[in-house]
Amino acid sequence: MKIHIDHLSSFINNRLNINDLSKLLFQLGHENEIDGGIIDIDITPNRGDCLSLNGIKRELTNFYEIKDDLQIFEKDIKELKLDFTNEAEEDCPHILFLLIEIEDIPLEYSSYLENYFKDLSIKKNNFFTDVSNYISYELGQPTHCYDFEKMGKRLVLERAKKESNFKTLTNQEISLKQNDLVFTDGSEVINLAGVMGGRSTSCDMNSKKVLIESAFFQPEAIIGKSIKYDLNSEAAYKFERGVDPLMTETALRRFIHIVEEHSKIKKLSIFRNISSPYQSKSIEKEKSRVEDILGFKIENNKFDEILNNLGFVASFDAANDILIPSFRSDIVDQNHIAEEIARIIGYDNIPPEDLKIPFNRSHSLKREEKLKVYLADNGFNEVINYPFTSEETQNSICIDNPLDSNKAFLRTSLLNSLINNLEYNERRQKDSIKLFEISNLYGVEGSQNQSRKIGMIASGRIDHNYRDFNRFIDRDHMIKVLSGITDNDFYIQEISRSLVDSKSKTKIYYAEFNIEDINFKVKNESIDKYVNFEETTFTEISDYPSIYRDLSFLVKDSSSIEILFKALESFEEEILIERFIFDLYQDTKKNIIKIGYRFIFQSKEKTLTDLEVDKVINAIVKSSLTIDGIEIPGI
Amino acid sequence: MPDSKDSFSPELNKEIGSYHPINQTKDSIMNLLISFGFEIIDGPEIETEEFNFDMLNIKKSHPARQMHDTFYVNNKSKVLRTHTSPVQIRSMLDNDPPFAFISGGKVYRKDDDSTHLPMFHQIEGIYVNEDVNFAQLKHLIFSITQSIFGKDIELRFRPSFFPFTEPSAEVDILFSEKNEWLEILGCGIVNPKVLENCNIDSKQYKGLAFGLGVERIAMLKYGIPDIREFYKSNLDFLNQF
């Protein structure tokens, strides 16, 4: 909800600083953002009472001296004879209608009314709708204005008996469902109750005689309607969160006062339908319980003062009961009172108290943690995938409301997810891919048919070192890895390349099995290497292709090798992202060593050109050749 | 010249793989909580509405229960759990207080945009005993966050609303580089209705509870700007952890 600091300042005797106000609202539980003179407040769904200037003003009473000088029309109002039937008294226990007719439509507004539109950049409509919107902003009570001249003789509030088409005052055509709470003229719907009025009876620039509805709708009768019909309705937003049941008549009397300031009123009468008057609620005053909940002592006077300033009636003599204000339907028990006290004191001002949980537990490495450490040690990377798939199997659980039709089922195997992960990385020029995922899988029996599985997929080079660079992952390699975690023979599947859309041609191997079937043979005492709170700073990933260059060094003097390695490892260039020995050849007879080094280049900003890469390679070559006993054949 | 009798073998660099950063973060926090005295509990990801919502005081009319927020399965007979709290409900029904439980795992919400994923990870904890209070909850939250982000962090506790806790708080951490408060977790004193739903005498016992989003913590901890990175399975990403 957006409010303007100047509008709030007019109620407050002290000078109001917007930054202090913002901070205080945070303390009170109202997240907010400042935009110039506007504070945009995110009110939690339990605090519908704060969705107005008046509501925010009440929140500040413990901190500022607040003026309480709301001007309303106080005279008696003649009774209106209206043919109204309330067939939904449970949804709407009280509703009032005010008939008001003015002599002239005002051409200018009073400064406070004009400023409301100007300061919050709100578009004006017509006089009555404008006043209605202002009242909702000021007091939190939505009102609806019907152009009386456009109405039929009857007015009925009911749960719709049949489906019907309805055109809203904003010209949206919607198909109302049976059981929606609506106002009808006896046959046609003229208002989707508590959400939005209809086009047929809406006010316009010429409306002088209007019927103003001010009601208390139960939140349950309104919830979900604006989303269901895609209507942007502030009234619904407020009714869904609960309005003050005692505000209906005050809002109308405020309405009259504002109209009176702008035009001469020719006719005024009121109709009241109150099937179930508001019953005040109280709660036992249990200060010690509140102190137990919060963990600190509160002075008696302070306790009462905080609550009284928030609109409660609490006093030491008042038979130990606290009267809950009508606008606080969220207050039910002592925990709620504790929150009120804590909010005003400030959560940050509550001193922490040592907590000792009286149980001793020690962490013993679980099977899955051991498994992950073992696989990571063997070069496998853990992935996590969404469970949604388009593929239906006999056993698939169907999602009733999927994100889209390609995600309508829960996967029953990890295979397709891992194939997708493999493909993604192959298309990013990765030539050694080893992935695994551990996840629950579900079948049609739901939680009864749950299994926890691991899937492993691998393809490409075994590793990026001189021993394994030219060796490729095969069934034997998979068996070797699996032999560390199980005695059982698991089915290792070769996956057809036709299932993968990439240029790679290396064989793909896959294994999937129940976590329960793992029989650990490798001792693994700690996961600290992988799981810790140490700093790891993420570096942004490049979306541009990488380029590699290989250099073959001929070493004729063994004492030069360390110098060469040091030089190559310490060579720094932003685009040089990886380097490793991919080949090693020793000719003991000739006393020479040949070392194949691969350098991989990639930029975060662009696709690299050969020229840019060659420039770095030339620098590497140049610096290597300064080392005695090092040659690069062909250069 | 190289010695012809000894073969030359430089160190064989073996690439190690990775433990997913989300699971690293989750397991680090879970292990920390175990050291505080919490016990790990587990439960199904496909839940009944009763355990996912009703028992947690989330009314039928609550917006979270609408089809646009929650995934329903098998003709609306069950939901993909929207939080790990139902795991706690199940354990509270099976145990007498005092107890201290933590549950961690995947949860699902019907969201999919640049800042919200349809699946993410949560860790939730609950401690029920006779003398539990809000001041102790603050101490616990300080202990958890200082272990993750360091001793010098500045926290802000502010009131919030969760149907299952009262009083409720959201906790923000100050990132001094940006001078920005970022929300990291929610917590509160367990709503007495939830205790009663689990047959626990709310006059005798009180509970404290907290819940945090693992992705959010991992993003802040590692400085990852985009939540979607976690689920691309990109080796250039995974290998950094």
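Refer to the structure presented above.
Residues numbered from 1 in each chain as written. Chains lettered and ligands numbered in written order. Predicted model: local features only at pLDDT ≥ 70, side-chain atom pairs only at ≥ 80, totals over all residues. Heavy atoms only, no water.

Here's the deal with the packing of aromatic side chains
Residues and elements named next belong to chain A.
Right, on to step 1. All chains considered together, the criterion is met by 37 aromatic pairs over all chains.
Right, on to step 2. The interplanar angle of 85° and the centroid separation of 6.5 Å between the aromatic rings of F97 and F183 together place this pair among those described as edge-to-face. Taken together, the residues span a long stretch of sequence, with F97 in strand β6 (residues 94-102) and F183 in strand β11 (residues 181-184) at a distance of 86 residues. Take F97 and F183: they sit in the same class, and that class is buried.
Right, on to step 3. Seen from the ring of Y109, K124 lies directly overhead, with NZ or CZ sitting 4.8 Å from the centre. (Phe/Tyr/Trp six-rings, centres within 6.5 Å; stacked < 30°, edge-to-face > 60°. Helix = DSSP H or I, 4+ residues; strand = E, 2+ residues; numbered from the N terminus. Buried < 20%, exposed > 50% of the residue type's maximum accessible area, 1.4 Å probe, protein only. Lys NZ or Arg CZ within 6 Å of the ring centre and 35° of its normal.)

Looking at the sheet that holds strand β4 (residues 78-80) of chain B
Right, on to step 1. The strand order across the open sheet built from three strands is β2-β4-β3 (chain B), with neighbouring strands paired in antiparallel fashion. Strands with a single pairing partner mark the edges of an open sheet, and in this sheet they are β2 (46-47) and β3 (72-73) of chain B. (Pairing = 2+ DSSP bridges.)

Some details on the interface of chain A and chain B
Right, on to step 1. Across the contact, 111 residues belong to chain A and 113 residues belong to chain B.
Right, on to step 2. Carbon and sulfur atoms make up 57% of the surface buried where chain A meets chain B, a total of about 9700 Å² over both sides.
Right, on to step 3. Three residues stand out in chain A for area buried against chain B, namely I384(A), F533(A) and F538(A), and they jointly supply 9% of the buried area on that side.
Right, on to step 4. The salt bridge involving R428(A) is made with D236(B); its shortest N-O contact spans 3.2 Å.
Right, on to step 5. For the pair chain A and chain B, the number of links is 44 residue pairs in polar contact (both at pLDDT 80 or more).
Right, on to step 6. Per element, the largest residue contribution to the side of chain A that touches chain B is nine residues, and it comes from strand β21 (residues 432-443) of chain A.
Right, on to step 7. Taken together, the residues that form the side of chain A that touches chain B break down as 49 nonpolar, 31 polar and 31 charged. (Contact = heavy atoms within 4.5 Å. Buried area = accessible area lost by both parts, 1.4 Å probe. Salt bridge = Lys/Arg side-chain N within 4 Å of Asp/Glu carboxyl O. Polar contact = N/O pair within 3.5 Å; in protein donor to acceptor, adjacent residues only side chain to side chain. Nonpolar A, V, L, I, M, F, W, Y, C, P; charged D, E, K, R; others polar.)

Remarks on the sheet that holds strand β2 (residues 31-35) of chain A
Residue and element names in this part refer to chain A.
Right, on to step 1. Reading across from one edge, β1-β3-β2 is the order of the three strands in this open sheet, with antiparallel pairing throughout. Looking along the sheet, the strands with just one partner apiece sit at the ends: β1 (2-4) and β2. Direction aside, neighbouring strands of the sheet carry axes that sit 25° apart on average.
Right, on to step 2. Where β1 lies against strand β3 (residues 38-42), three bridges are found, and the strand directions are antiparallel. (Axes fitted to C-alpha atoms, helices over the stretch in contact; angles between N-to-C directions.)

Section: a negative patch on the surface
All names here are of chain A.
Right, on to step 1. Residues E33, D35, D40 and D42 make up a contiguous surface patch of negative charge.
Right, on to step 2. The set of elements that each furnish at least two residues to the negative patch consists of β2 and β3.
Right, on to step 3. By the secondary structure assignment, D35 is in strand β2.
Right, on to step 4. Classification of D35 by relative accessible area gives exposed; the value is 56%. (Patch = residues over 30% accessible without salt bridge, like charges linked within 9 Å, V, L, I, M, F, W, Y side chains within 5 Å. Areas by Shrake-Rupley, 256 points an atom, 1.4 Å probe, with all protein chains shown as cover. Lys, Arg positive; Asp, Glu negative; His and termini not counted. Charge placed at Lys NZ, Arg CZ, Asp CG, Glu CD.)

Brief notes about the side chain of N335(A)
Right, on to step 1. In this fold, N335(A) is placed in helix α12 (residues 334-345).
Right, on to step 2. Among the polar contacts made by the side chain of N335(A), one reaches the main-chain carbonyl oxygen of E166(B) at a distance of 2.7 Å.
Right, on to step 3. In contact with N335(A), not counting residues within four places along its chain, are I293(A), E166(B), P167(B), I189(B), V190(B) and P192(B).

With respect to the side chain of Q88(B)
Residue and element names in this part refer to chain B.
Right, on to step 1. Tracing the sequence through the fold places Q88 in helix α3 (residues 85-94).
Right, on to step 2. For Q88, a relative accessible area of 6% corresponds to the buried category.
Right, on to step 3. The contact partners of Q88, leaving out residues within four places of it in the chain, are I41, F101, S103, E124, G125 and I126.

Geometric values such as these leave the question of function open.
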